[in-house]
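Here is what each chain is made of, one letter per residue.
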Amino acid sequence: DTAVSQTPKYLVTQMGNDKSIKCEQNLGHDTMYWYKQDSKKFLKIMFSYNNKELIINETVPNRFSPKSPDKAHLNLHINSLELGDSAVYFCASSGQANINYGYTFGSGTRLTVV
Amino acid sequence: EDQVTQSPEALRLQEGESSSLNCSYTVSGLRGLFWYRQDPGKGPEFLFTLYSAGEEKEKERLKATLTKKESFLHITAPKPEDSATYLCAVQSPFTGFQKLVFGTGTRLLVSP
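Computed from a predicted model, the values in this text were never measured in an experiment.

1. Concerning the overall build of chain B
Line of reasoning, step 1. Counting its secondary structure elements, chain B contains 0 helices and 11 strands.
Line of reasoning, step 2. Starting at the N terminus and ending at the C terminus, chain B contains elements arranged as β-β-β-β-β-β-β-β-β-β-β.
Line of reasoning, step 3. Here the C-alpha atoms of chain B give a radius of gyration of 14 Å, agreeing with the 13 Å that 2.2 N^0.38 yields for 112 residues.
Line of reasoning, step 4. Taken along the three principal axes of its C-alpha coordinates, chain B extends 45 × 30 × 20 Å.
Line of reasoning, step 5. In chain B, buried positions account for 51% of the 112 residues.
Line of reasoning, step 6. When contacts within chain B are restricted to residue pairs at least 6 apart in sequence, those whose partners lie at least 24 apart make up 56%.
Line of reasoning, step 7. Accessible area of chain B: about 5,300 Å², with a carbon and sulfur share of 49%.
Line of reasoning, step 8. Charge centroids of chain B, computed over 13 positive and 14 negative side chains, lie 3 Å from each other.

2. Describing the state of the cysteines
Line of reasoning, step 1. Applying the stated criterion across every chain, the model contains 2 disulfides over all chains.
Line of reasoning, step 2. At a sulfur-sulfur separation of 1.9 Å, the disulfide partner of Cys23(A) is Cys91(A). Disulfide Cys23(A)-Cys91(A): torsion about the S-S bond near -80 degrees, hence left-handed. In this pair, Cys23(A) sits in strand β3 (residues 19-25) while Cys91(A) sits in strand β9 (residues 87-94), placing the two residues 68 residues apart along the sequence.
Line of reasoning, step 3. For Cys23(A), a relative accessible area of 2% corresponds to the buried category.
Line of reasoning, step 4. According to the relative accessible area criterion, Cys91(A) is buried, its value standing at 0%.
Line of reasoning, step 5. At a sulfur-sulfur separation of 1.9 Å, the disulfide partner of Cys23(B) is Cys88(B). The chirality of the disulfide connecting Cys23(B) with Cys88(B) is left-handed, given an S-S dihedral of about -60 degrees.

3. Some words on the interface of chain B and chain A
Line of reasoning, step 1. Contacts between the two partners involve 19 residues from chain B, matched on the other side by 26 residues from chain A.
Line of reasoning, step 2. With both sides pooled, the region where chain B packs onto chain A buries about 1,900 Å², and carbon together with sulfur makes up 59% of that total.
Line of reasoning, step 3. For the pair chain B and chain A, the interface holds 1 salt bridge.
Line of reasoning, step 4. It is strand β4 (residues 32-38) of chain B that provides the largest number of residues to the side of chain B that touches chain A, a total of 3 residues.

4. Here we look at the environment of Val114(A)
Line of reasoning, step 1. Relative to the elements of secondary structure, Val114(A) occurs in the segment after β11 (109-113).
Line of reasoning, step 2. Sequence separation of Val114(A) and Met15(A) is 99 residues, and the distance between their C-alpha atoms is 6.0 Å.

5. Considering the environment of Ala64(B)
All names here are of chain B.
Line of reasoning, step 1. Secondary-structure assignment places Ala64 in strand β7 (residues 62-66).
Line of reasoning, step 2. The class of Ala64 is buried, set by a relative accessible area of 0%.
Line of reasoning, step 3. When residues no more than four places from it in sequence are discounted, the contact partners of Ala64 are Trp35, Phe48, Leu50, Glu55, Glu56, Lys57, Phe72 and Leu73.

6. Things to note about the sheet that holds strand β8 (residues 70-75) of chain B
All names here are of chain B.
Line of reasoning, step 1. One open sheet holds the 5 strands; their spatial order is β1-β3-β8-β7-β6, and the pairing between them is antiparallel. The sheet terminates laterally at β1 (3-7) and β6 (56-59), the two strands that pair on one side only. This sheet shows a mean twist of 15 degrees between the axes of neighbouring strands, independent of strand direction.
Line of reasoning, step 2. Note: β7 against β8, 5 bridges, orientation antiparallel. By the bridge assignment, Thr65 is partnered in β8 with Phe72.

Cut-offs applied
- Residue indices follow the written sequence of each chain, beginning from 1 at its first position.
- Chains and ligands are labelled by the order in which they are written, letters from A for the one and numbers from 1 for the other.
- The predicted nature of this model means local features are confined to residues of pLDDT at least 70 and side-chain atom pairs, given and counted, to a pLDDT of 80 or more, with totals for whole chains, interfaces and linings taken over all residues.
- Hydrogens are left out, water is left out, and the side-chain values use all remaining heavy atoms of the structure.
- Strands here mean DSSP runs of E at least two residues long; helices mean DSSP runs of H or I at least four residues long; both are numbered from the N terminus.
- C-alpha atoms define the radius of gyration in this analysis, and the globule rule sets the expected value at 2.2 Å times the number of residues to the power 0.38.
- Working definition: with a 1.4 Å probe on protein chains only, accessible area under 20% of the residue-type maximum means buried, over 50% means exposed, and in between means partly exposed.
- We call two residues contacting when some pair of their heavy atoms lies within 4.5 Å.
- The accessible surface values rely on the Shrake-Rupley method and a 1.4 Å probe; as for residues, cover is taken only from the protein chains in view.
- In summary, the charge assignment counts Lys and Arg as positive and Asp and Glu as negative, without counting His or the chain termini.
- Note on charges: their place is set at NZ of Lys, CZ of Arg, CG of Asp or CD of Glu.
- The rule for a disulfide is simple: a pair of cysteine sulfur atoms within 2.5 Å.
- Accessible area that two parts lose when put together, with a 1.4 Å probe and added across both, is what the buried area reports.
- Any carboxyl oxygen of Asp or Glu within 4 Å of a side-chain nitrogen of Lys or Arg constitutes a salt bridge here.
- Strand pairing is defined by DSSP finding a minimum of two bridges between the two strands.
- Here the axes come from fitting lines to C-alpha atoms, over the contacting stretch only for helices, and the angles between their N-to-C directions go from 0 to 180 degrees.

Written out as structure tokens, the structure is:
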């Protein structure tokens, strides 16, 4: 039973297209995140939602729009995709009860823009 | 701004050859320092959390230590299955538990 699941795992698309990545967690956590990992393996936070409310938006282009329909789901929609958006996108979650463990990560979505 | 620097970038060891990975950090107050392991094609997997200078934690062949400026991940008698990228991250009280700032990781390869 996967704790944090992301779909799709791979996404190849052309420049200018719009795409979405979905994330769901079954851990009962109240905070969810999107992180971007570039080709050098650097993980950088993009967004954080706590109980469906946007908490952190880290200077991300407004082509990226997160949506949290409930506290178990956090989706990422990307408009007008650019070559530089190619990366691995990780969803993660955390909860007050297990704060000592940091985040639980999903397995990532590898986005390739051609 | 919180910063994390990990060294070396890559490390190649023979099986059984012990070594240490370094994580230097600059943070405006430390709430916690985290170590994660990341295997190719997977998300980071939690290893340890350290909270105060002098603290140590162990798990199998791994031991993490913390000072006021850096953390070390000591690997004793590594095995090939320890090959992975090891990531360090810090959390400050000003951003609470909402944000982890990561280093770029150390890629460890252990040869049989």
